[in-house]
Amino acid sequence: MELIAPVSEANLAPSNSNSAALECKGIRSTRDFPADLTALSREQIEHHYQAMRNSHASLTRSRSQLQRRSRELTVARERFLETLRGYEGRLMTLGQEKAEALRIAQDMHRELEAFEDKQQALDGILQELDAAKEEAGYWSIFSITRLIERMRRLLRGGSEG
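Trainee: I would appreciate a short explanation of the overall build of the protein in the present structure.
Mentor: In terms of helices and strands, the protein carries three helices and zero strands. The secondary structure elements of the protein, listed N-terminal to C-terminal, are α-α-α. Taken over 161 residues, the protein has a buried fraction of 14%. Pairs at least 24 apart in sequence give 58% of the contacts found in the protein among residues at least 6 apart. When the accessible area of the protein is evaluated, it comes to approximately 13,100 Å², of which 57% is carbon and sulfur surface.

Structure, rendered in structure tokens:
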């Protein structure tokens, strides 16, 4: 394995430093640079040194950009997860409220059914009372008293019984 890059005219830096900077842009592998500098001229060493600096600077910028983007993505992910947790909490609250509303509606329905049952029982008792008023005698008074007692029990919350 050859660690020393061949020295050619293309590797030599021109005397103009601007063109050398343009020539050495980008990230380069370490294999592009010679391991042994003894066979190189001063200009070649300076050229390779400048290329290494440019490569290192480019690599450092890329690494910094990667770290910045990684931090931004981490923050964005955390914000997303917080939003998701917020939605989850809201959904749980809505579910609990919906369950509570359903329970209240069921209770109201039972109360309405009980009210309707009582109303029908009272209507029945009133009809029996009207019929008992038409009759005369002791059994009529006994029947009316019994009906009034049933009505009282019903109005107090008991069953018609």
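Once the structure has been displayed, the description carries forward.
Trainee: In this structure, what is going on with the side chain of Gln44? I would like to understand it.
Mentor: Mapped onto the elements, Gln44 comes out in helix α2 (residues 42-134). Within polar-contact distance, the side chain of Gln44 engages the backbone nitrogen of Ser41 at 2.9 Å.

Trainee: It is not clear to me how α2 should be interpreted in this structure. Could you clarify?
Mentor: The terminal C-alpha atoms of α2, which comprises 93 residues, lie 136 Å apart, in line with the 138 Å expected from a rise of 1.5 Å per residue. Burial in α2 covers these residues: Gln44, His47, His48, Ala51, Asn54, Ser55, Ser58, Ala121, Leu122, Ile125, Leu129 and Ala132.

Trainee: How do you make sense of a nonpolar patch on the surface when you look at a structure like this?
Mentor: Together, Phe80, Leu84 and Tyr87 make up an exposed nonpolar region whose accessible area comes to about 330 Å². Mapping Tyr87 onto the fold places it in helix α2.

Trainee: Looking at this model, I keep getting lost on helix α3 (residues 138-155). Mind explaining?
Mentor: Residue pairs three or four apart in sequence face the same way in an α-helix, which turns once every 3.6 residues. For α3, with 18 residues, the first-to-last C-alpha span of 26 Å sits near the 26 Å given by 1.5 Å per residue. Within α3, burial applies to Ser140, Leu147, Arg150, Met151 and Leu154. An end-on view of α3 places all buried positions within 100° of arc, on one side of the element. Residues Tyr138 and Ile141 are exposed on α3 and point more than 90 degrees away from its buried face. In the core, the buried residues of α3 are packed alongside α2.

Trainee: I tried to follow the pattern of salt bridges on my own but got confused; where do I start?
Mentor: Pairs can form between side chains of opposite charge once their charged atoms are near each other. The full count for this structure, using the stated rule, is eight salt bridges. The partner of Arg110 in a salt bridge is Asp107, and the shortest N-O contact between them spans 2.3 Å. Residue Arg110 and its partner Asp107 are both found in helix α2; the two are separated by three residues, about one turn of the helix. Residue classification places Arg110 among the partly exposed residues on the basis of a relative accessible area of 47%. The exposure class assigned to Asp107 is partly exposed, which follows from its relative accessible area of 24%. Each of Glu100, Arg103, Asp107 and Arg110 takes part in salt bridges that share partners, so that together they form one network.

What counts and what doesn't
- Residues numbered from 1 in each chain as written.
- Predicted model: local features only at pLDDT ≥ 70, side-chain atom pairs only at ≥ 80, totals over all residues.
- Heavy atoms only, no water.
- Helix = DSSP H or I, 4+ residues; strand = E, 2+ residues; numbered from the N terminus.
- Buried < 20%, exposed > 50% of the residue type's maximum accessible area, 1.4 Å probe, protein only.
- Contact = heavy atoms within 4.5 Å.
- Areas by Shrake-Rupley, 256 points an atom, 1.4 Å probe, with all protein chains shown as cover.
- Polar contact = N/O pair within 3.5 Å; in protein donor to acceptor, adjacent residues only side chain to side chain.
- Expected span 1.5 Å × (residues − 1).
- Patch = residues over 30% accessible without salt bridge, like charges linked within 9 Å, V, L, I, M, F, W, Y side chains within 5 Å.
- Salt bridge = Lys/Arg side-chain N within 4 Å of Asp/Glu carboxyl O.
- Arc of directions from axis to C-beta.

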